[in-house]
Amino acid sequence: MAWFSRKKPEETTAAPRRTAQVAEGLWIKCDSCKEIIYRAEVERAGKVCPKCRYPFRISARERILTLADTGTFEEHHANLTSADPLGFKDTKRYRDRVKAAQQKTGVGDAVVCGLARIGGLPTVLCAFEFGFMGGSMGSVVGEKLTRSIELAIAKHVPVVIVAASGGARMQEGILSLMQMAKTATALEQLGRAGLPFLSVLTDPTTGGVTASFAMLGDVILAEPRALIGFAGPRVIAETIRQPLPDGFQRSEFQLEHGQVDMVVDRRDLKETLRRILVFFNE
Amino acid sequence: MPDGLDFEQPLLELEAHIAALRALDDPLKHGDEIAKLEERLQRQRQRTYASLNAWQRTQLARHPKRPHTRDFIKLLFDDFVELHGDRVHGDDAAVVGGLALFEGRGVVVVGHQKGRDTREKIARNFGMPHPEGYRKALRLMQLGEKFGKPVVTFIDTPGAYPGPGAEERGQSEAIAHNLRVMAGLASPIVSVVTGEGGSGGALALGMGNRVLMLEYAVYSVISPEGCAAILWGDAARAPEAAEGMRITAPDLQRLGVIDGIVPEPVGGAHRDWDAAAGLLRGALRQALGDLAGMSARHLVEDRQEKFRRLGAFEEESRTRSG
């Protein structure tokens, strides 16, 4: 038995069957500060490193549990699944990739959406599942988000989306790109209906997700040290043929450059959202 | 031969051969041969261009002699007054825009701009805009809206620039903001993909009521090279990625992403700029004419419905909980 092990994506999902696996390593290494830390302490702190406060990546379901009032989340649009419109194949068939991701994560695609209450206030709440093909946005993600925003308009409630995504899903080609247009259009309608959109950016939020709905929040919050950007750091470093400075594109950098409203610790996130929602509710 | 693409070589050789025969002292002696060769050239040309694959089209879309936005502006509009700057940070030469007259009517024109020679390529950053380019485009589109003028956009970019300055000044926000504002703009918008439609950096000018595409233009979520590098760790497999991603005009029309294909002269727009512009003029006249009678509200609804429909997914009704 290992005394510590690398944090695997599986370990962060909420599926109860996997609790035995979670107990396997008593110690884990922080992705950010590389310190060896006691797992129980990390769990107690809400999956946050007790040494450097780095928030570990968590699943969509875990995220919803930390934000929605207990028992209030009612999932919508879970019946949408990918159709492989291009018949795409790289080293694997796209259909097989989707199936594998569904089995791995227990969700139908890279976002989980529904109605919930946050601090008693009704809202549409969507959370990305980064473990599902890097949280990439294809037709299903775009359609789920759009329907969720339309549901918010119909119910006259605000929208909260917690993003964690590498961007548009290549395997659906141009249709993935068009989800940027679709979600931005839905948010234009939400705004005209006088309803707010609170965007929460978590590690990582990049590419076509950042360049569409994620940066269109009336209020934009970010978790500490999250990578947030248009291009990924590797692409930028290759473009300018220079290494990038420490902290480049992290939440604190984006705050400094005026791109986000605030950087919020995970344990304060729910209360911060509640305070903002109260403002729009009064 | 810097300007000849692989698949163009046999045609170029044949053309050179005919030209050489014509240049002889006694062309009459070779009249029959010339006629035969010309016939063969025409057949071969039609065969070649009727069966171009996605990668060959990508090469045509990036052809160094292909007309760029400013060339189309010169050929299509009676007058053009270029306007500059985003009023926030600077003026991005990778995006051009201004006030133009199309068949006597005022329109706002915005487009990506690539360079022709090395100096201009660098000055225009190879057609890859920074946030100030998108913000200039936004300012001009809103100017059009304010004065009830239609907006025409030309798309020809490898993508938005992935550099540190672009990130610091909010590349994502600039693109996202354009998408939202275009979704609600109360003027007609006609977008034309004239060359390369590279990802979000292209879409940021691309939310038209009508989206047209030149016959050999391409439009994709990521460049074929980028896609191949990510999927196979090998950018040299770009031709495969180009095929798999469905990036050609006929593919995009089938997927419902574009509304029309504008034919190009045989061999591509770079072979005959005037003919290419003439064909585009007709398509533009038609698209603007279709939209001319629509109210502001109708225009916005038309555009929003168009983008609302895009996507392909399966919906299992059994699991629907009402």
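The structure under discussion appears in the preceding block.
Residues numbered from 1 in each chain as written. Chains lettered and ligands numbered in written order. Predicted model: local features only at pLDDT ≥ 70, side-chain atom pairs only at ≥ 80, totals over all residues. Heavy atoms only, no water.

*Asks:* Tell me about the layout of surface pockets, and please be specific about residues and values.
*Replies:* Taken as a whole, the largest pocket encloses approximately 1600 Å³ of empty space. G232 and V235 of chain A together with I222, G226 and I230 of chain B are the residues nearest the centre of the largest pocket, which is lined by 46 residues in total. Looking at the lining of the largest pocket residue by residue, the class counts come to 23 nonpolar, 16 polar and 7 charged. (1 Å grid on protein atoms, 1.4 Å probe; cavity = no way out; pocket = protein on both sides within 12 Å on 5 of 7 lines; lining within 4 Å. Points joined across faces, edges and corners; volume = space filled by probe spheres on them. Nonpolar A, V, L, I, M, F, W, Y, C, P; charged D, E, K, R; others polar.)

*Asks:* Give me unusual backbone geometry: which residues, what numbers.
*Replies:* A cis amide bond links D203 of chain A with the next residue in sequence, P204 of chain A, at an omega value of -15°. Within the fold, P204 of chain A resides in strand 9 (residues 197-205). Look at S199 of chain B: it is not a glycine, yet its phi comes out positive at around 60°. Relative to the helices and strands, S199 of chain B resides in helix 9 (residues 199-203). For S199 of chain B, a relative accessible area of 23% puts it in the partly exposed group. (Helix = DSSP H or I, 4+ residues; strand = E, 2+ residues; numbered from the N terminus. Buried < 20%, exposed > 50% of the residue type's maximum accessible area, 1.4 Å probe, protein only.)

*Asks:* Any chance you could break down helix 4 (residues 94-105) of chain A for me, citing the residues and the numbers?
*Replies:* All names here are of chain A. Taking 1.5 Å per residue, 12 residues should reach 16 Å; helix 4 reaches 16 Å between its end C-alpha atoms and fits that length. On the buried face of helix 4, the contacting elements are strand 5 (80-82). After helix 4 finishes, the residue G106 shows a positive phi value of roughly 75°. (Expected span 1.5 Å × (residues − 1). Contact = heavy atoms within 4.5 Å.)

*Asks:* Before we move on, can you summarise the pattern of salt bridges with the specific residues and values?
*Replies:* Across all of its chains, the model carries 44 salt bridges over all chains by this definition. Its salt-bridge partner being E75 of chain A, residue R61 of chain A comes within 3.1 Å of it at the nearest N-O pair. Of this pair, R61 of chain A sits in helix 3 (residues 60-67) while E75 of chain A sits in strand 4 (residues 74-76), placing them 14 residues apart in sequence. A residue is classified by how much of its surface remains accessible, and R61 of chain A, at 32% relative accessible area, is partly exposed. We classify E75 of chain A as partly exposed; its relative accessible area is 28%. In this structure, the salt-bridge partner of E240 of chain B is R237 of chain B, at a minimum N-O distance of 3.0 Å. Judged by its relative accessible area of 30%, R237 of chain B is partly exposed. Look at the salt bridges and you will find they share partners, linking E143, R147, E150 and K182 of chain A together with R308 and E315 of chain B into a network. (Salt bridge = Lys/Arg side-chain N within 4 Å of Asp/Glu carboxyl O.)

*Asks:* Tell me what's going on with empty space enclosed by the protein, and back it up with residues and numbers.
*Replies:* Scanning the model with the defined rule gives 4 cavities of 30 Å³ or more in all. When its volume is computed, the largest cavity comes out at roughly 120 Å³. Lining the largest cavity are 18 residues, with I58, R63, A164, T202 and D203 of chain A positioned closest to its centre. At the level of secondary structure, the elements contributing two or more residues to the lining of the largest cavity comprise helix 3, strand 7 (121-128), strand 8 (159-165) and strand 9 of chain A. Counted as a void, the second largest cavity has a volume near 70 Å³. T210, M215, I228, G229, F230, Q254 and Q259 of chain A together with E167, G170, Q171, S172 and E173 of chain B are the residues that line the second largest cavity. Residue contributions to the lining of the second largest cavity peak at 3 residues, all from helix 8 (residues 171-184) of chain B.

*Asks:* How would you explain the interface of chain B and chain A if you had to name every residue and give the values?
*Replies:* Listed as interface residues are 49 residues of chain B and, on the opposing side, 55 residues of chain A. In total, chain B and chain A occlude about 4600 Å² of area from one another, counting both sides; carbon and sulfur atoms represent 67% of this. Residue R95 of chain A pairs with E314 of chain B through a salt bridge whose shortest N-O separation is 3.9 Å. Connecting chain B to chain A are 15 residue pairs in polar contact (both at pLDDT 80 or more). Those elements that provide at least two residues to the side of chain B that touches chain A are helix 7 (164-168), helix 8, helix 9, strand 7 (218-220), helix 10 (224-232), helix 11 (238-245), helix 14 (296-308) and strand 9 (313-315) of chain B. The leading source of residues in the side of chain B that touches chain A is helix 8 of chain B, at 10 residues. (Buried area = accessible area lost by both parts, 1.4 Å probe. Polar contact = N/O pair within 3.5 Å; in protein donor to acceptor, adjacent residues only side chain to side chain.)

*Asks:* Now, about the side chain of E143 of chain A: what can you tell me, with residues and values included?
*Replies:* You can see E143 of chain A is positioned in helix 5 (residues 139-155). Here E143 of chain A is in contact with L80, Q179 and K182 of chain A together with R308 and F313 of chain B, once residues within four sequence places are set aside.

*Asks:* I'd like to hear about the nonpolar core, residue by residue, with values.
*Replies:* Formed by 152 residues in total, the largest nonpolar core has its most connected members in L145 and F213 of chain A together with F77 and Y219 of chain B. Examining the composition of this core, we find that 10 residues originate from one element, helix 6 (residues 173-192) of chain A, more than from any other. Formed by 13 residues, the second largest nonpolar core is a distinct cluster that contains L14, L21, L41 and L60 of chain B. (Core = buried A, V, L, I, M, F, W, Y, C linked by side-chain atoms within 4.5 Å.)

*Asks:* Break down the sheet that holds strand 4 of chain A for me, citing the residues and quoting the values.
*Replies:* Residue and element names in this part refer to chain A. Spatially, 7 strands are ordered 4-6-7-8-9-10-11 in an open sheet, and the strand pairing comes out mixed. Taken across any chain shown, the strands that pair with only one partner, and hence form the sheet edges, are strand 4 and strand 11 (262-263). Pairing analysis gives 3 bridges linking strand 4 to strand 6 (residues 111-118), with the strands arranged antiparallel. The residue bridging E74 from the neighbouring strand is L115, located in strand 6. Sheet strands touched by helix 3: strand 4, strand 6, strand 7, strand 8 and strand 9. Its angle to strand 7, the strand with the most contacts, is close to 155°. (Pairing = 2+ DSSP bridges. Axes fitted to C-alpha atoms, helices over the stretch in contact; angles between N-to-C directions.)

*Asks:* Talk me through the packing of aromatic side chains; I want residue IDs and the actual numbers.
*Replies:* Summed over the entire model, instances satisfying the criterion amount to 10 aromatic pairs over all chains. Ring geometry for F248 of chain A versus F253 of chain A: centroids 5.0 Å apart, planes at 65°, classification edge-to-face. Measuring from ring centre to ring centre gives 6.2 Å for F7 of chain B and Y49 of chain B, while their planes differ by 75°; the resulting arrangement is edge-to-face. Here the residue F7 of chain B occupies a position in the segment before helix 1 (9-22), and Y49 of chain B occupies one in helix 2 (residues 31-50), the gap between them amounting to 42 residues. Here the aromatic residues F72, F77, F102 and F154 of chain B are joined through ring pairs into a cluster of three or more. (Phe/Tyr/Trp six-rings, centres within 6.5 Å; stacked < 30°, edge-to-face > 60°.)

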